[in-house]
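Per-entry structural report
Spelled out from the first residue to the last, the chains are:
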Amino acid sequence: MRAAWRRRWLGVVIAWLICGIGWVGVYMIPNQYESGARLFVDADAVLTPLLRGIAADSAPTTQLEILQRTLLSRPNLEKLVSKTGLDLTLNSPSDRERLLTRLAAQIKVTPQTKNLFTIYYRDKSPKLARDVVQTLLTIFIENATGGSRLDMENARHFLERQIQSYEQQLRAAEKRRADFRARYVEILPTDNNPNVPALEGARNQVQALEGRLQDAVTARDALKREVETTPPMLVVESGDILVNGQPAPKTRLQEAQDQLDMLLLKDTDQHPDVIAQRKLIESLKKTPSKMVGVKAAMDVGGKPQGGSVTPKRSVPNQIYDQIKLKLIDANTQVVSLQRQKDDAVRTLERLEKMQHEQPGLIAEYENMDRDYSVLQQNYEQLLSRLQSANIAQAADTQADKVKLQVIDPPEIPRLPVAPNRMLLVTGVLLGGLATGVGMTILFGQLDQSFSTVDDLRALGLPVLGGISVLGMVPLRQRLMAAGRFGAAVAVLVCIYGGILVHILRSAALI
């Protein structure tokens, strides 16, 4: 019995020691104060779409995401240490490295939405916690407003330098191209057909002139045959037949001849209408002539009444004269085309000779022209991008495409956020009691003594008898021992309650 009570008291002592040491340690932990701020970033939803396609897209949303991720970079942390005065407490480079590592681990940048994020920092000094968060906000705003403008300015200067370089290269390429073209102007492609070399153009011209010359010769030969078949003179009657003092109606042959004359004024001899009209005239010549309309009135003696028949005579054929003029024009055109063909053939032979003597001229000119085209295209693109950069820079500097608004500014915290002393004190008490009970049970398991005769018999050994303890412990002593044990536990719990009250009062006073 006494051994059991000793084990219980030992457990209480252990619980007291653990609770005492733990509570002292809890009070030695310094308070941690947390300061935070919320920042809202608004990328202008009106100006940005308007400038899309005509200005360089600075992608404000992407830039802000990069700024959020790089806010805790080493250069920014160096600025933070310098502006908050934390570098005054450093004694060595190793201390500086540890400070930068601790700041990077303890500063929390948490995005809540796409445009809203928070910054938190804990420190045992509430003022320092506020100063760190405020300095980070300042650094972020400076980077957001000045970084893009600096990048745009650097890009604009770079584009201006590249444009100047390309202008010099273009001038030099233009001079080389003009000199080369002036030296070999006859063999190089012309401006009217830049994709067709001069030699190929000369060949095409010779072929075209040959075709035109053949067509002109064919037309001339046709006119010659027409002249041979057309009579230069026509036999006509010297006067018209009169009936009752009036001109007699025309015969069908005369009307057909008049119609043929009208057709030849506007068509050639090979026209189908002209050929059909000639056949009609030939058929009418083979049949007796008749008067068109009513018959000519004849007297009883077989003589016409009131008139007489006039004699025939020869007149120049106007159709023949017209065909003769066309033949003269055709001969002139054939001579002109023959002369143009001869000139084109001589030019072609000269170009073929030049190309045979210098076969790489066309390839060299094409390479030179391709280099010039590439330079000109790059130059125009650089000009366009410079204009876009100027518009984007004006939008950034004058229109504030990105607006930063601090919704919750950082403040000096009044209440510590850590440690949670109530939780720690309760944990220490429970841990101490659990340890005391556990140690009591452990000591009981390690005790090798036998409290009863039955415990000895359980070993399988013969037991002759047992000697009882002289004088049993009075009930009063057992109650007193139990009371002292309970009082020790109660005092421990009361101390725990006092500590909780002190913690609550301290928080209320703050």
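Let me begin by describing the structure that accompanies this report. Source: prediction; values computed, not measured. (Residues numbered from 1 in each chain as written. Predicted model: local features only at pLDDT ≥ 70, side-chain atom pairs only at ≥ 80, totals over all residues. Heavy atoms only, no water.)

Another aspect to go through is the pairing of strand 2 (residues 108-111). Moving residue by residue along a regular strand, the side chains alternate between the two faces of the sheet. Bridge count for strand 2 against strand 3 (residues 116-123) is 4 bridges, and the pairing is antiparallel. Opposite Pro111, over in strand 3, you have Phe117 as the bridge partner. In this structure, the hairpin formed by strand 2 and strand 3 is closed by a connection of 4 residues. (Pairing = 2+ DSSP bridges. Helix = DSSP H or I, 4+ residues; strand = E, 2+ residues; numbered from the N terminus.)

Summed over all chains, the structure comprises 16 salt bridges. Its salt-bridge partner being Arg38, residue Asp408 comes within 2.7 Å of it at the nearest N-O pair. Residue Asp408 is located in strand 8 (residues 402-408), and its partner Arg38 is located in strand 1 (residues 33-43); the two are separated by 370 residues in the primary sequence. Given a relative accessible area of 32%, Asp408 falls into the partly exposed group. With a relative accessible area of 28%, Arg38 lands in the partly exposed category. Between Glu210 and Lys341 there is a salt bridge; the shortest N-O distance is 4.0 Å. Of this pair, Glu210 sits in helix 7 (residues 198-229) while Lys341 sits in helix 10 (residues 318-357), and the two are 131 residues apart along the sequence. One network of salt bridges, with partners in common, ties together Arg74, Glu78, Arg96 and Glu97. (Salt bridge = Lys/Arg side-chain N within 4 Å of Asp/Glu carboxyl O. Buried < 20%, exposed > 50% of the residue type's maximum accessible area, 1.4 Å probe, protein only.)

Relative to the 20 Å expected for 14 residues at 1.5 Å per residue, helix 5 (residues 93-106) spans 20 Å between its end C-alpha atoms, a close match to the ideal helical length. If you check which residues of helix 5 are buried, you get Leu99, Leu100 and Leu103. For helix 5, the angular spread of buried residues about the axis comes to 100°, placing them on one side. Opposite its buried face, helix 5 presents the exposed residues Arg98 and Thr101, each directed more than 90 degrees away. Those residues of helix 5 that are buried are in contact with helix 4 (74-84) and strand 3. (Expected span 1.5 Å × (residues − 1). Arc of directions from axis to C-beta. Contact = heavy atoms within 4.5 Å.)

Mapped onto the elements of the fold, Leu500 is located in helix 14 (residues 475-509). Given the relative accessible area of 16%, Leu500 is considered buried. Counting along the chain gives 79 residues from Leu500 to Arg421, while the straight-line C-alpha distance between them is 8.5 Å. Among residues more than four places away in sequence, those in contact with Leu500 are Met422, Val425 and Thr426.

Attention now goes to the side chain of Asn76. Position of Asn76 among the secondary structure elements: in helix 4. We classify Asn76 as buried; its relative accessible area is 7%. Those residues within four positions of Asn76 in sequence are excluded, and the remaining contacts are Thr70, Leu71, Ile139 and Asn143.

Looking now at the side chain of Asp123. Assignment of secondary structure puts Asp123 in strand 3. Judged by its relative accessible area of 9%, Asp123 falls in the buried class. Of the polar contacts made by the side chain of Asp123, one reaches the side chain of Tyr121; its length is 3.2 Å. If sequence neighbours within four positions are ignored, Asp123 has contacts with Asn31, Gln32, Tyr33, Arg102, Leu128 and Ala129. (Polar contact = N/O pair within 3.5 Å; in protein donor to acceptor, adjacent residues only side chain to side chain.)

A cluster of nonpolar side chains, namely Val13, Leu17 and Ile21, defines an oily patch on the protein surface of about 300 Å² accessible area. Structurally, Ile21 can be placed in helix 1 (residues 2-28). Exposure remark for Ile21: the relative accessible area of 63% places this residue in the exposed category. (Patch = residues over 30% accessible without salt bridge, like charges linked within 9 Å, V, L, I, M, F, W, Y side chains within 5 Å. Areas by Shrake-Rupley, 256 points an atom, 1.4 Å probe, with all protein chains shown as cover.)

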